[in-house]
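# Geometric and topological summary
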Protein chains: 2
Amino acid sequence: MVPHVVSRWPVWLFRWRAAYTPGASVRQKTWAGMSRAPLWGIVGTGPLVCRHSSSTSSRAPEVMLTHKRYPVQRLPFSVVSEEDLAAFERMVPGRVITDPEELEASNVDWLRTVRGCSKVLLRPRTSEEVSRILRYCHERNLAVNPQGGNTGMVGGSVPVFDEIILSTALMNQVISFHDVSGILVCQAGCVLEELSLHVEQRDFIMPLDLGAKGSCHIGGNLATNAGGLRFLRYGSLHGTVLGLEVVLADGTILGGLTSLRKDNTGYDLKQLFIGSEGTLGVITAVSILCPPKPKAVNVAFLGCPGFAEVLQTFSSCKGMLGEILSAYEFMDAECMQLVGHHLQLASPVQESPFYVLIETSGSRAEHDAEKLSNFLEQVLGSGLVTDGTLATDQRKIKALWALRERITEALSLDGYVYKYDVSLPVERLYDLVTELRARVGPLAKHVVGYGHLGDGNLHLNVTAEAFSASLLGELEPYVYEWTAGQQGSVSAEHGVGFKKKDILGYSKPPEALHLMQQLKALLDPKGILNPYKTLPSRA
Amino acid sequence: MVPHVVSRWPVWLFRWRAAYTPGASVRQKTWAGMSRAPLWGIVGTGPLVCRHSSSTSSRAPEVMLTHKRYPVQRLPFSVVSEEDLAAFERMVPGRVITDPEELEASNVDWLRTVRGCSKVLLRPRTSEEVSRILRYCHERNLAVNPQGGNTGMVGGSVPVFDEIILSTALMNQVISFHDVSGILVCQAGCVLEELSLHVEQRDFIMPLDLGAKGSCHIGGNLATNAGGLRFLRYGSLHGTVLGLEVVLADGTILGGLTSLRKDNTGYDLKQLFIGSEGTLGVITAVSILCPPKPKAVNVAFLGCPGFAEVLQTFSSCKGMLGEILSAYEFMDAECMQLVGHHLQLASPVQESPFYVLIETSGSRAEHDAEKLSNFLEQVLGSGLVTDGTLATDQRKIKALWALRERITEALSLDGYVYKYDVSLPVERLYDLVTELRARVGPLAKHVVGYGHLGDGNLHLNVTAEAFSASLLGELEPYVYEWTAGQQGSVSAEHGVGFKKKDILGYSKPPEALHLMQQLKALLDPKGILNPYKTLPSRA
């Protein structure tokens, strides 16, 4: 599994990994008001805190251990003993990994910002094996870090200390697929791209698609409630997932792998686990509804004179394209300058304050092209759009998508990047960028906004020559407070994990955080499942 | 509120209500194996069991009190006192209803099969008022029955004993609607049809539609996780609901009324309350995503030579109609005979073993008509369909829908009806009907199958001249066991309520039922919210 994570990400991401350390930028400020010394003092005094490994990886600088960088204290879990290893060996023979080199890639997140020091990784093949492992760990008070493809953005998929890594990599079997209903049932460790291929051969598609699809596991996608590129069209996993099998902290197997679109027999328990990041149970199998494969895909790339026009174009396109609209993305002029400057990508339309990428997916190519073309005629004629281009062949479609998808890469080449991923009411979405630009002035090189406008999801990025505490002070908590002021979400699609657990209060009231703690205590009373994650440390 | 329930249902339903007593048919068998005497003995011995009211309603026979018909025992809640009424009067002045005539319609379900004997109904206008009421009831140990439009099918919306009825009828304000995103925020007591009109004027539609839309409240829709006519296209409420405000049993207001498509800041708590039928909290306000209003709607009505062809036609139509498909309903030949015989509705196509109704909703009439017409050409040419008709004008569309929608009415005119609403894998969906038909033989007049094939939802109905214990013995638990054998759901869209709580074990494993009980105990430790409902009595 591990080589996948490394090999399937494009080369530029490695450069970006080295340049970008969002954890440091975000956390330093968040914890600026806390008394740091005692926490740092405590960390490292226990017998269990591990030393830096002697990894000789030459591709990037060594990642600092999480407990060295962040003020986090190991909880009093047991330490894995030789007897434990022998017991695991009996449960999953030949699939108990203790070699430090092999463990390295599972101890470090793919952004190379956080790092645990687990001494053992287990590779069960079945839910029963997961059940036996968790029952044992629960009795022994051993902490467990469930891990899928390790592609998370918030440090949720790697251990913080020495948690046992429970990998779903070998739970990769498709259980069934129904050609009529489009319902796929599979184990949690299936790689998203492989599932996509599986169902596409049968004229369906997966209801979600992600940049990390070559590595991420479907179980991990569900555990983090992944958004991604098909969200606008096919909606949330809370709607498309039909059933789950979950192993609870004490080893209980909670069966619920129904292949039914409708089931109103009591509480919809599976919903609890979607987005709970492995802290309430380990998802071991999934039943999910796949939409029919579209026969035609088109992409339009447009220039808009202002953000008001971006919004009006969205309204217009929802009306005229309706059921075939599958993406509505936007980027500002500075984004285009960055991809032009750093990646030599040329804009296919004349220079504009804003750009919009619209994708359609439908069942009749000529109908879709006609709809798009009529729509373009109207928005060009009314001045909402000043210039535009339409792609129907695969090569040009990819080129247009690259302008939007490679913004992250261009940013990483621009210097140190402060990254935010927020949900906001669409009409205020860009105000945050404008106001922040005015606020930080010359402290920043660029303040840019882009993202999934159709989902109300803004990616706000600020670049500077190097990390600057004074710039950070201007950004945080301002960005979070501004977002909270609009009743927005400080984590739109990336989740909470280790890195965002202490900013939840900006988006959730105390009563909700309290209920989260109560649910955690109910389902995992010893707190062994993915500790130090998802829940605020001081709720 | 109450007159709505009565006046907005069509006349035939009243006839049906009188003829159909599903509770009796289902429950008698379910509890046949239990020792009934002690339970019946206990009921009625307490000081709180109420006598039959002296209702003089002339439209239907008086409904038997629930605790007289079913073996249910009142739990030791407090009894509403004069001091309590005075306290309520201070909380919701002028909105404390104690008049027995006014209470009557809220004590009886709309199917007229169950009946409570509540002495007081409260009509709060705000979440704060609901909070004060629940805090008080929690302290006083008073049981509460949240009630929306009282249109539920399983006895979940009326009291079983003397629970206080907490009506959402006056919580009927639209809070906001965003013309760009289509996000509606409103109070829980808004009537679905009124919300539909509100958003349709702004070129959107509600993501759900129901026969009861003229009476049902959006809060009740969510509390029961209503399915309905738009489910195939717009999916589950678990996907379309963006936020909820809920008042917990102890009066805590759990705010979560976000208007965001994406929010990954921790556990998605709202999901707990969708489908929990008011047993975990009272939904007081809702944020929901509305799809754009389709500009064109078409309906095709087809005859198929067998159920295999019904399935193949579904596959074919998903491929060729794709994104514009909005309904795929089926009915068997006996259904058509019944609507012909009892309602004088003529089939628009030649006699066939099965009929299919297909609806499309799209943004370009000519495109949709062309897709449908090409699809019809193919299925007719390949023999999947033997005859068909296509409607594009509103009048004919309604006439075609009537054939499907009025089956229930025709059944009620055929005699005593045993009704089942199950989810099954589509490929086995009709086998249950065939096998049951063979099993019951001449004991039944008709055994018919119809329903939302696109959602895997079968409505299985059996008619007889009159109620027959021997026929019931052939039907149950056979239908439930058969459904469980296919990993189906014994309640597809109607929920659990009072009537189905003891058959959940057919669709949910013991671990799931146990977790349901744990969640109930966590969120409502005194069990005051909608008691005697949703959770198995003996789990």
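Details of the structure are given in the entry above.
Residues numbered from 1 in each chain as written. Chains lettered and ligands numbered in written order. Predicted model: local features only at pLDDT ≥ 70, side-chain atom pairs only at ≥ 80, totals over all residues. Heavy atoms only, no water.

### Concerning the overall build of chain A
Helix and strand counts for chain A come out as 22 helices and 16 strands. Counting only residues that meet the buried cut, chain A has 63% of its 539 residues in that class. Taking all contacts inside chain A whose residues are at least 6 apart in sequence as the whole, residues at least 24 apart take part in 76%. When the accessible area of chain A is evaluated, it comes to approximately 18400 Å², of which 53% is carbon and sulfur surface. (Helix = DSSP H or I, 4+ residues; strand = E, 2+ residues; numbered from the N terminus. Buried < 20%, exposed > 50% of the residue type's maximum accessible area, 1.4 Å probe, protein only. Contact = heavy atoms within 4.5 Å. Areas by Shrake-Rupley, 256 points an atom, 1.4 Å probe, with all protein chains shown as cover.)

### As for the packing of helix 16 (residues 365-381) of chain A against helix 16 (residues 365-381) of chain B
Direction vectors running N to C along helix 16 of chain A and helix 16 of chain B enclose 180 degrees, while the axes themselves pass 11 Å from each other. By the angle class used here, helix 16 of chain A and helix 16 of chain B are roughly antiparallel. Of helix 16 of chain B, the residues touching helix 16 of chain A (which contributes H367, E370 and K371 of chain A) are H367, E370 and K371 of chain B. Of the residues assigned to the contact of helix 16 of chain A with helix 16 of chain B, the class counts are no nonpolar, two polar and four charged. (Axes fitted to C-alpha atoms, helices over the stretch in contact; angles between N-to-C directions. Parallel < 35°, antiparallel > 145°, perpendicular 65-115°, else oblique. Nonpolar A, V, L, I, M, F, W, Y, C, P; charged D, E, K, R; others polar.)

### A look at the packing of helix 6 (residues 82-91) of chain A against helix 8 (residues 127-140) of chain A
Residue and element names in this part refer to chain A. Running from amino to carboxyl end, helix 6 crosses helix 8 at an angle of 160 degrees, the nearest separation of the two axes being 10 Å. Taken together, the axes of helix 6 and helix 8 lie roughly antiparallel to each other. Relative to helix 8, the crossing made by helix 6 is right-handed. Between helix 6 and helix 8, the residues in contact are E83, D84, A87, F88 and M91 and E129, R132, I133, Y136, C137 and R140, respectively. By residue class, the composition of the contact of helix 6 with helix 8 is six nonpolar, no polar and five charged. (Left-handed = near helix turned anticlockwise from the far one by under 90°.)

### Observations regarding the sheet that holds strand 8 (residues 253-254) of chain B
Residues and elements named next belong to chain B. Strand order across the open sheet formed by five strands is 5-6-9-7-8, with antiparallel pairing between neighbours. Each end of this open sheet is capped by a strand with a single partner; those strands are strand 5 (174-177) and strand 8. As judged from the three bridges shared by strand 5 and strand 6 (residues 183-187), these two strands associate in the antiparallel manner. Following the sheet pairing, S176 is matched in strand 6 by V185. (Pairing = 2+ DSSP bridges.)

### Observations regarding the sheet that holds strand 9 (residues 282-289) of chain A
All names here are of chain A. Ordered by their spatial adjacency, five strands build an open sheet running 5-6-9-7-8, and the pairing between neighbours is antiparallel. Two strands lie at the open edges of the sheet, namely strand 5 (174-177) and strand 8 (253-254), each paired on one side alone. When strand 7 (residues 241-247) meets strand 8, the two strands line up antiparallel, connected through two bridges. Within the sheet, the bridge partner assigned to V246 lies in strand 8 and is L254.

### So, the nonpolar core
Membership of the largest hydrophobic core comes to 86 residues, with the highest contact counts inside it found for M206, I218 and F273 of chain A together with M206, I218 and F273 of chain B. Not counting chain neighbours up to four residues away, the residues in contact with I218 of chain A comprise C186, Q187, A188, C190, L192, L195, M206, L208, V286 and I288 of chain A. (Core = buried A, V, L, I, M, F, W, Y, C linked by side-chain atoms within 4.5 Å.)

### Looking at the packing of aromatic side chains
Describing an aromatic ring pair means giving the distance of the ring centres and the angle of the ring planes. Tallied over the entire structure, the rule returns 30 aromatic pairs over all chains. An angle of 25 degrees between the planes, with centres 5.5 Å apart, marks the rings of F307 of chain A and Y430 of chain A as stacked. Of this pair, F307 of chain A sits in helix 14 (residues 307-321) while Y430 of chain A is found in the loop between strand 14 (416-423) and helix 19 (431-440), placing the two residues 123 residues apart along the sequence. Judged by its relative accessible area of 12%, F307 of chain A falls in the buried class. With a relative accessible area of 6%, Y430 of chain A lands in the buried category. Here a set of aromatic residues connected by ring pairs shows up, and it is made of F307, F330, F354 and Y430 of chain A. Here K262 of chain A stacks its cationic end above the ring of F231 of chain B, 5.3 Å away from the centre of that ring. (Phe/Tyr/Trp six-rings, centres within 6.5 Å; stacked < 30°, edge-to-face > 60°. Lys NZ or Arg CZ within 6 Å of the ring centre and 35° of its normal.)

### Description of the interface of chain A and chain B
On the side of chain B, 92 residues touch chain A, which itself brings 92 residues to the contact. Here chain A meets chain B over a buried area of about 6900 Å², counting both sides, of which 58% is carbon and sulfur. When the buried surface of chain A facing chain B is broken down by residue, K262, N264 and Y267 of chain A rank first, second and third, together holding 15% of it. For the pair chain A and chain B, the number of links is eight salt bridges. Between K262 of chain B and E493 of chain A there is a salt bridge, with its nearest N and O atoms 2.7 Å apart. Taken together, the links from chain A to chain B amount to 42 residue pairs in polar contact (both at pLDDT 80 or more). Mapped by element, the contributors of at least two residues to the side of chain A that touches chain B are helix 11 (231-234), helix 12 (237-240), strand 8, helix 13 (270-273), helix 14, helix 16 and helix 22 (510-523) of chain A. Ranked by the residues each element gives to the side of chain A that touches chain B, the list is headed by helix 22 of chain A, at nine residues. When the residues that make up the side of chain A that touches chain B are grouped by side-chain class, the tally is 33 nonpolar, 40 polar and 19 charged. (Buried area = accessible area lost by both parts, 1.4 Å probe. Salt bridge = Lys/Arg side-chain N within 4 Å of Asp/Glu carboxyl O. Polar contact = N/O pair within 3.5 Å; in protein donor to acceptor, adjacent residues only side chain to side chain.)

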